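Structural characterization, general
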Amino acid sequence: MFPARFDYFRPQTLEEALGLLQEHQGEAKVLAGGMSLIPLMKLRVAKPARLIDIGRLSGLDGIEARDGELAIGALARHAPLEESPLVREAVPLMADAAGVIGDTQVRNWGTIGGALAEADPAGDWGPVVLALNARLRCLSARGERFIAAREFFRDAYATALASDELVTQVLVPGPGPGATGAYLKLERKAGDFAIAGVAVQLAVDEQGVCREIGIGLGAVGLTPIKAVQAEAILRGQRLSEATLADAAEAAAREAEPVSDIRGSAAFKRDLVRALLRRAIEIALRRSRGEQVEAGHV
Amino acid sequence: MSSLRSIRVRVNGIEREGQVEPRLLLVDFLREHLGLTGTHIGCDTTSCGACTVLMDGRSLKSCTAFAVQADGREITTVEGVAADGQLHPLQEAFREQHALQCGYCTPGMVMSALYLLSRNPNPTESQIRRAIAGNLCRCTGYLNIIAAVKAAALKLNTRRAAI
Amino acid sequence: MSDSGREAGGHGATRSSGRQVGLALPRKEDIDLLTGRGTYVGDLQLPGMLWAAIYRSPMPHARLRRVDLEKAAGLPGVVLVLSGRELPDYVVPLSPFPFQSRDPFRAGNPTIKFPDHFCLARDKVRFVGEPVAAVVATDKYIAEDAVELVEADFDPLPPVVDPEEALKPGAPLLYNDWGDNLFLRFRVGADGEEAFRQADLVIRERIRSSRFTGTPIEPRGILARYEPTDRLLTIWSSTQIPHILSTLLEDTLRIPGLKVRVIAPRIGGGFGQKWGYYPEESLIPLLAILSGRPVKWIETRSEHMMATIHARDQIHDLEAAVTKDGRILGLRDRIIADAGVAYPVGGLASIVTTSMFVPGAYKIRHYQAEVRAVTTNKAPYGAHRGFGKADACFAIERLVQRVADRLGLDPAEVRFRNFIQPEDFPYISATGSRYDSGNYPAALTKALELAEYEKWRQEQARLREQGRYLGIGIGLMVEPSSSTRMGSYNSGYYSVTLRIDPMGRVFVLTGGNDEGQGHATTISQLVADELGVPFDDILVIEGDTLECPYGSGSYASRFSVVGASAVILAARQMREKVLKIAAVLLGEPEATLTMETSRIFVKDRPEKAVTLVDVAKTAYYAIFRLPEGVEPELLLTYHYRDPNVGFQPDEHGRVPMFSTFPYDANVAVVEVIPDTGQVKILKYVSVHDCGNMINPAIVQGQHVGALVHGLGGAMYEEIIYDETGQLLTGSFKDYFVPTAMEVPNFILDHLVTPNPFTPGGFKGAGETGTVGPPPVLCNAVEDALKPLGIKVQKLPLSPSSIRDAIREALPRAG
């Protein structure tokens, strides 16, 4: 299992990278951490004629709070994202997700930008950026644009990125007061793709009313799914048993799973219900200052 | 048509050069070009971890990197772990705890455990399990490997304390 | 590169004399393996070496119309291309394996069909992954590029996927000349009408296992070199059976005067998957002959999943005649095994084995089984750790659970009432085996104690009231080891050559093979004790057919049974010879002498001594001093014949196929999480008995590894084909081998009932653990879900299958 031949470029600057992308539009693939692309190339599912290695471009792996947003460079790797005190404090669901991607070796080299651009339907970052209403900063030689997470995923392994464009940053809106979240997935075994994953970001006021809610579902459709109906059921409501049950039902309806070797479609809908309930529970406990493990069920 | 590229990689402390096709996987550069066959191949899908090495100190599955990506970087393979003919305390612990049988996954396990101990000198059992979750072993059932990593941490800490 | 086989040893602290057997010594093998110096087939390079790659059928069942290799041949770097229709005349169909002779077969029982398969398909393909064409190139990347350029045309045929459908009249046929898809039929046991008449009730159950395989982390690999002057073909292969492979190759590549030497270097795990005769094993040598250069092929994991054997996957329709108090008087089983394509890889032997051992640990005097192996468009069925016995135990241990449930009895109690009792040993089973020894009640009692069985039963009742699903599963798995097989090369002997050189170094060469079991260490322990030489003076060499005595390799946990026995008895013979010579040198009677740390001395006058080197030099250089009848040199070969097996089945198919009967009592406590379908293992106890142990650390390591292997089959691993015959689990991304995250901290204990039939009292070890987790965890989950009336129907115990069953059951349960 060896890749087909390709030409290799390792630009020294972002400008050079964008220039190469424009020059080789449609024939080139971007190599960042390589954790998704190289396996596909080894299976010869992907056979790009040219590879533009941006893995060592400087200044693209920062994690910083800026202008009320959390700005995460596209080359930020999963392991530092899991460990970043800033991420753990501000958006713990990102640390949850980062900690359950693949395995240690993959988390050491795989990047958030690469994973998002790969748009694997079972990827862990998709539901997280949907729950967080993040935006993706995209650059090309033509200029800059921002794509909302909700607009980004178009199909399995297909995104709104143009063939000369590069994701350079993930911009997460600064969480409101008391806002927190959790990401949970169930796998067949450690390091496997999610059978289903649910990301929740919420804020509950002192009266117990849900002021802010974001829900992302992973591995239950061709793209990650933003569960807008479930969000609508919860937003502005007290999180009573009945409301939570309604929201879980809505999220299960919004999911579009298919049966595969990891589970039946009906099971995956059940899992969306179960994981959503658990993720909300963890988020609520976290909002009360408790330390709660998440990531895996 | 792709052409050969020159790369320079520091492997186990020695500067190595190579003329490689861009598509050459790092694991094949190590095994076929440098003759460092301790790094093994057990799958095609970044699953088994038998090919784990350290690149710039971080563990990496060398089947999931191109040799050209290692240009200018530092690689440690299992051949570079023992020094001066002496087993590393981690290797000693593997032997003492019977943490290997057929030995095929062992180099990758050693490298993953070495990486863990470089980051966390006192890992808990669950941290050890998580650290080697990207390395499949079919012989041992893992429990002796977990015990070996624990024992190695103790050895290393004792040695550090003695210095 | 050295031509010799694996040479293990030379490391490790020198031990003083004293018994080594029974000590948990660190292994001789480990230092090389820990420092990256273990040499596996993939690590070998020969001058001028080429790489082969194989174009495999993408179709499950099709006529092969045309294979066009022109484009592949034109790729720069490609040296040779070959399709099935271009095979030279001297290539004949793959030899049947392991059945080398039909002599002991009784007419019609078993009935086996041997189809003609060549190493490359010629007219028809019968599973996804079947080799169709080969390319040889200067490097492995180019070889794979060339495979992409192979063009083949197929006329699709209807796939045969379901084994029961395959048996129906009118089903599409894999082999037209057969007239049906029945690969093997075997009947064993006498009719038990009487037992069924006496029974209070008859319990009928269908028990089904899943397709599951071994996946050693080192895939298969072959390097072949041909030297035409001597007609010597040398193969380095990752195989469990080097000698058998050499014989099969000489039989398949019929070049007059061809001699085959097989070297199995370090092997990265076998588990049965390297016990077979695969097309690649004659194809790669053929490519070396045709190209005139050494050729190497290393299997990719994808190839491994699609074209190396699969196992388990049986349907058992059981009928048990039972009394109200839970005694099983009689048992009938009709077994169907989904045998995949009818390759000669040895799975049939495992299917026959299943039928022999369904009664398991229980004193069931009336037993009758019929097994049918059905050919389907899937990868071949073969040996897999637990070889057929795992399937038998799965059936009986699941059945006993159902018997207990039906009668409202405690499943532990039902087992105690049916066990073969300690005083029954040696026990002749209903299928003719002689169980050597054991104490099943003691093992289960101990396991129940360690599991705190009574406490958990109370906890279960308490949690049930809270709507939680706790379950306890029990099993006692007997895993017969060390086999013979009617009509096979596996003829129940083991040969060991012992050589002491003039400097007193001891060389042990065996007809066995090591895939990680630690033979270099355990053989050294045995020889050190018997001969009185230091552990580090002993070198063990296995896996080279030119150097080592003939042997059938490693399988069936046979080393510690027949292998260790051969080593012990060879060493005793050598000791006698050494003492005889020493007696002359010392001028003392032989009976007064003993040997320790390579010194031979008079027992009550230790200062009166000669060294082993003195004796050895005499044997080589001063043969005039040798006593009458003593040959020069210190060299002998010992052939050990297993005393506890037989070869000729009686009219009811009964024959003692296996010689020792290790066993394992397991108790598992689980909680099922109803909304996610997860199974949480709260406790897993194993009490294991393999008789005396040569090296307890090695036994423990083997046993834990086996338990985790079994856990994989119980909870995670399954080979899945879709209804069109396409493989859905073609890599480690979808075939779920457990990681360190999934493994419980087993609670382990050992019982020791020595085997009376081996000189060391050893039984086989290393496979038993694989057998328990599937039935025991199914029993536990079924017990947990009893309030919902759910019967577990399927392996593995995936969250989806459990949650799907709960979802269906919940409305019924109210």
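Note that the coordinates shown come from a computational prediction; the quantities given were computed from them, not determined experimentally.

**Side note on the packing of helix 2 (residues 89–96) of chain B against helix 3 (residues 106–119) of chain B**
Residue and element names in this part refer to chain B. One way to put it is that helix 2 packs onto helix 3 with a least axis distance of 10 Å and a crossing angle of 125 degrees. Judged by the angle between their axes, helix 2 and helix 3 are oblique. For the pair helix 2 and helix 3, the sense of crossing is right-handed. Contacts from Leu90, Gln91 and Phe94 of helix 2 reach helix 3 at Thr106, Met109, Val110, Ala113, Leu114 and Leu117. Classifying every residue of the contact of helix 2 with helix 3 by side-chain character gives seven nonpolar, two polar and no charged.

**Here we look at the sheet that holds strand 4 (residues 58–61) of chain B**
All names here are of chain B. Taken together, five strands build an open sheet; the order of strands is 2-1-5-3-4 and the sheet is mixed. Pairing within the sheet leaves two strands with one partner each, and these edge strands are strand 2 (14–20) and strand 4. Mean inter-strand twist for the sheet, computed between neighbouring axes without regard to direction, equals 40 degrees. Where strand 3 (residues 52–55) lies against strand 4, four bridges are found, and the strand directions are antiparallel. If you follow leucine 54 over to strand 4, its bridge partner there is serine 59. Contacts from helix 1 (residues 26–33) reach strand 1 (5–11), strand 2, strand 3, strand 4 and strand 5 (74–76) within the one sheet, and its direction differs from that of strand 2 by about 105 degrees. Sitting on the sheet, helix 3 touches strand 3, strand 4 and strand 5, and the angle it makes with strand 3 is about 40 degrees.

**Details of the packing of helix 10 (residues 389–407) of chain C against helix 19 (residues 773–784) of chain C**
Residue and element names in this part refer to chain C. Running from amino to carboxyl end, helix 10 crosses helix 19 at an angle of 25 degrees, the nearest separation of the two axes being 8 Å. As judged from the angle between their axes, helix 10 and helix 19 are roughly parallel. The two elements helix 10 and helix 19 cross, and the hand of that crossing is right-handed. Along the contact surface, helix 10 presents Cys393, Phe394, Glu397, Arg398, Gln401, Arg402 and Asp405, while helix 19 presents Pro774, Pro775, Cys778, Asn779, Glu782 and Asp783. Of the residues contributing to the contact of helix 10 with helix 19, the split by class is five nonpolar, two polar and six charged.

**Focus on the domain arrangement of chain C**
All names here are of chain C. According to the domain assignment, chain C consists of domain 1 (43–157 + 235–267 + 273–289), domain 2 (311–484 + 649–813) and domain 3 (493–641). At the interface, 15 residues of domain 1 touch 19 residues of domain 3. Contact with domain 3 buries surface across domain 1, with Gln240, His243 and Arg261 losing the most and accounting together for 48% of the total. Counting across the domain 1 and domain 3 interface gives one salt bridge. A salt bridge links aspartate 544 to arginine 261, with the shortest nitrogen-to-oxygen separation between them at 2.6 Å. Those elements giving two or more residues to the side of domain 1 that touches domain 3 turn out to be helix 6 (242–252) and strand 14 (259–263). Per element, the largest residue contribution to the side of domain 1 that touches domain 3 is five residues, and it comes from helix 6. Here the side of domain 1 that touches domain 3 is composed, by residue class, of nine nonpolar, five polar and one charged.

**Brief notes about the interface of chain B and chain C**
Taken together, the contact pairs 48 residues of chain B with 59 residues of chain C. With both chains or domains summed, chain B and chain C bury close to 4300 Å², and 56% of this area falls on carbon and sulfur atoms. Sorting the residues of chain B by area buried against chain C places Arg95, Gln101 and Arg138 of chain B first, and these three jointly supply 21% of that buried surface. Viewed at the interface, chain C and chain B are joined by five salt bridges. The partner of aspartate 145 of chain C in a salt bridge is arginine 23 of chain B, with the nearest N and O atoms 2.7 Å apart. Our count for the chain B to chain C interface comes out at 29 residue pairs in polar contact (both at pLDDT 80 or more). Looking at the side of chain B that touches chain C, the elements with two or more residues in it are helix 1, helix 2, helix 3, helix 4 (125–131) and helix 5 (143–162) of chain B. Its residues assigned to classes, the side of chain B that touches chain C shows 22 nonpolar, 15 polar and 11 charged.

**A look at helix 3 (residues 140–148) of chain C**
For helix 3 of chain C, the tally of buried residues reaches eight of nine residues, placing the bulk of the element in the interior. Taken together, the buried positions of helix 3 of chain C are Lys140, Tyr141, Ile142, Ala143, Glu144, Asp145, Ala146 and Val147 of chain C. Those residues of helix 3 of chain C that are buried lie in contact with helix 2 (37–42) of chain A, helix 1 of chain B together with strand 2 (50–56), helix 2 (70–74), strand 4 (78–83) and strand 7 (131–137) of chain C. Where helix 3 of chain C starts, the residue carrying a side-chain oxygen 2.6 Å from the main-chain nitrogen of tyrosine 141 of chain C turns out to be aspartate 139 of chain C.

Procedures and definitions
Position labels on residues start from 1 in each chain and follow its written sequence. For this description, chains carry letters from A and ligands carry numbers from 1, given in the order in which they are written. With the structure being a predicted model, the display of local features is reserved for residues of pLDDT at least 70 and the display and counting of side-chain atom pairs for 80 or more, all residues being used for whole-chain, interface and lining totals. Side-chain descriptors were evaluated using all non-hydrogen atoms of the structure, hydrogens and water having been removed beforehand. As a rule, the C-alpha atoms of each element are fitted with a line to give its axis, helices using only the stretch in contact, and angles between N-to-C directions run from 0 to 180 degrees. Secondary structure is summarised from DSSP: a helix means a run of H or I of at least four residues, a strand means a run of E of at least two, and numbering begins at the N terminus for each. Roughly parallel refers to an angle under 35 degrees, roughly antiparallel to one over 145, roughly perpendicular to one between 65 and 115, and oblique to any angle outside these ranges. Left-handed describes a crossing in which the near helix is turned anticlockwise from the far one by less than a right angle; the clockwise case is right-handed. Whether two residues are in contact is decided by their heavy atoms, any of which lying within 4.5 Å being enough. Only Asp, Glu, Lys and Arg are considered charged, only Ala, Val, Leu, Ile, Met, Phe, Trp, Tyr, Cys and Pro nonpolar, and every remaining residue, Gly among them, polar. Between any two strands, pairing holds if DSSP finds at least two bridges. All domain edges in this entry derive from an automatic or database-based domain assignment. Reported buried area values correspond to the accessible surface (1.4 Å probe) lost by two parts on association, with both partners' losses combined. What counts as a salt bridge is simple: a side-chain nitrogen of Lys or Arg found within 4 Å of a carboxyl oxygen of Asp or Glu. Under this definition, polar contacts are N or O atom pairs within 3.5 Å; protein pairs additionally need one hydrogen-donor-capable and one acceptor-capable atom, and for neighbouring residues in sequence, both atoms have to be side-chain atoms. When accessible area is computed with a 1.4 Å probe and restricted to protein chains, residues below 20% of their type maximum are described as buried, those above 50% as exposed, and intermediate ones as partly exposed.

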